[in-house]
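# Overview (structure and organization)
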Amino acid sequence: MYVCPKCKTRYDTHALDSCPHCRLPSPLPVFCENEDCKAELEPDARFCPKCQARTAFGRKVDQALGLE
C-alpha cells in the first residue's frame, strides 16, 4: 500500500494511477535524472538517495503541496 503525501490516503498504486481522494499522481518507477548517477529509485522517491537530485515525482508533489 502507498500513502499519498498530500492527503495521507492509503491505496494500491498497481490498481490506480492517482490518489482516489485528492487525485495526486501515483508514483511510477523512476531513475535518477542526474546524468552522472542514473540510479534506480523507489517509485515514490522525491530525491535520489545516492546524489540527492530531485525526481520528477518530487517536483509534482512539491507543486501539489505548494512548496514550489
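Given the structure is predicted, the values throughout are model-derived calculations rather than measurements.

### Observations concerning the pattern of salt bridges
Side-chain pairs of opposite charge can arise where the charged atoms are in close proximity. Tallying each qualifying case throughout the model produces 4 salt bridges. One salt bridge connects Glu33 with Arg59, and the closest N-O pair in it is separated by 3.0 Å. With Glu33 in the loop between β3 (30-31) and β4 (40-41) and Arg59 in helix α1 (residues 56-64), this pair connects stretches of sequence that are 26 residues apart. One salt bridge connects Arg54 with Asp62, and the closest N-O pair in it is separated by 2.9 Å. Judged by relative accessible area, Arg54 falls into the partly exposed class, the value being 31%. Looking at Asp62, the relative accessible area reads 8%, which means it is buried. When salt bridges with common partners are traced through the structure, they connect Arg46, Arg54 and Asp62 into a single cluster.

Here is what the cut-offs are and how they apply
- Residues numbered from 1 in each chain as written.
- Predicted model: local features only at pLDDT ≥ 70, side-chain atom pairs only at ≥ 80, totals over all residues.
- Heavy atoms only, no water.
- Salt bridge = Lys/Arg side-chain N within 4 Å of Asp/Glu carboxyl O.
- Helix = DSSP H or I, 4+ residues; strand = E, 2+ residues; numbered from the N terminus.
- Buried < 20%, exposed > 50% of the residue type's maximum accessible area, 1.4 Å probe, protein only.

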